[in-house]
Amino acid sequence: TNRFTPPPVNLAVPITGTKTLTGRDWGNTVFTFELYEADANGNLKVNDGETAAQPDATATRTGSDGSFLFPIDEPVLTFSSAGDYYFVIKEKNDQAAGITYDAVEYLVKVTVSSDLSTGKLSAQLVSITKGGVNSPILFHNSYTATPAQIELTATKEMTNRKLQADAYRFELVE
């Protein structure tokens with residue numbers, strides 16, 4: 001029996017998502033999204049010698065509409081054989097002041113096929129699910145300003161006349 005094993009190949013699988021931010025404008029805050037290799041149940045894979053899963057790819061919000069894309073011009077996923085592969089996408093919590101980050105995770109299924117006539121592998125995005133239900137990738141963040149306090153003091157001085165207690169009233173307006 002003859003067997004052909006295609007060589008490992010880096011493949012570009014376009015995966016896009018959207019982020020919303022309520023409570024303020026985008027400003028210069030960078031939001032980062034991470035893609036991790038996982039099993040079919042969404043459990044992240046930890047490589048030998050590591051104590052925690054490491055992201056296989058990252059993306060940042062690039063669109064003024066909150067869109068982001070895992071790079072397709074630089075393939076980041078390596079596949080060595082045909083089959084189903086699973087990844088988890090989640091947002092990195094950079095702990096920006098006042099931002100509440102969305103902790104939702106999305107399970108991505110990619111199917112890799114082998115063309116027997118050419119021996120080349122190809123990858124196709126099959127599904128994106130959240131809690132077992134097909135779903136587009138959408139992260140919702142919110143911003144709440146931290147209350148600030150300020151203590152104001154004022155001094156009134158008079159010339160050519162004696163200052164009388166409670167003769168003047170001061171008002172702070174916006």
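What you are looking at is a predicted structure, and each value in this text was computed from that prediction instead of being measured.

(A) How the structure looks around unusual backbone geometry. If you check the backbone angles, glutamine 95 has positive phi at about 55° while not being a glycine. Backbone geometry at asparagine 160 places phi at a positive 65°, although glycine is not the residue there. Given the relative accessible area of 83%, asparagine 160 is considered exposed.

(B) The packing of aromatic side chains, seen in detail. Evaluation of the coordinates by the stated rule reveals eight aromatic pairs. Judged by centre distance (5.2 Å) and plane angle (35°), the rings of phenylalanine 33 and phenylalanine 139 are tilted. Highlighted residues: phenylalanine 33 in strand 3 (residues 32–38) and phenylalanine 139 in strand 12 (residues 138–143), separated in sequence by 106 residues. What makes phenylalanine 33 buried here is its relative accessible area of 0%. With a relative accessible area of 0%, phenylalanine 139 lands in the buried category. In this structure, lysine 19 packs its charged tip against the face of phenylalanine 31, placed 4.9 Å from the ring centre. Above the plane of the ring of tyrosine 36 lies lysine 90, whose end atom (NZ or CZ) is 5.0 Å from the centre.

(C) Summary view of the sheet that holds strand 12. Spatial strand order, 5-2-12-8: four strands in an open sheet with mixed pairing. Only two strands of the sheet have a single neighbouring strand rather than two, namely strand 5 (67–70) and strand 8 (99–100). Here strand 8 runs beside strand 12; their pairing, made up of two bridges, is antiparallel. Residue pairing across strands places isoleucine 99 opposite tyrosine 143, the latter belonging to strand 12.

What counts as what
- Residues numbered from 1 in each chain as written.
- Predicted model: local features only at pLDDT ≥ 70, side-chain atom pairs only at ≥ 80, totals over all residues.
- Heavy atoms only, no water.
- Buried < 20%, exposed > 50% of the residue type's maximum accessible area, 1.4 Å probe, protein only.
- Phe/Tyr/Trp six-rings, centres within 6.5 Å; stacked < 30°, edge-to-face > 60°.
- Helix = DSSP H or I, 4+ residues; strand = E, 2+ residues; numbered from the N terminus.
- Lys NZ or Arg CZ within 6 Å of the ring centre and 35° of its normal.
- Pairing = 2+ DSSP bridges.

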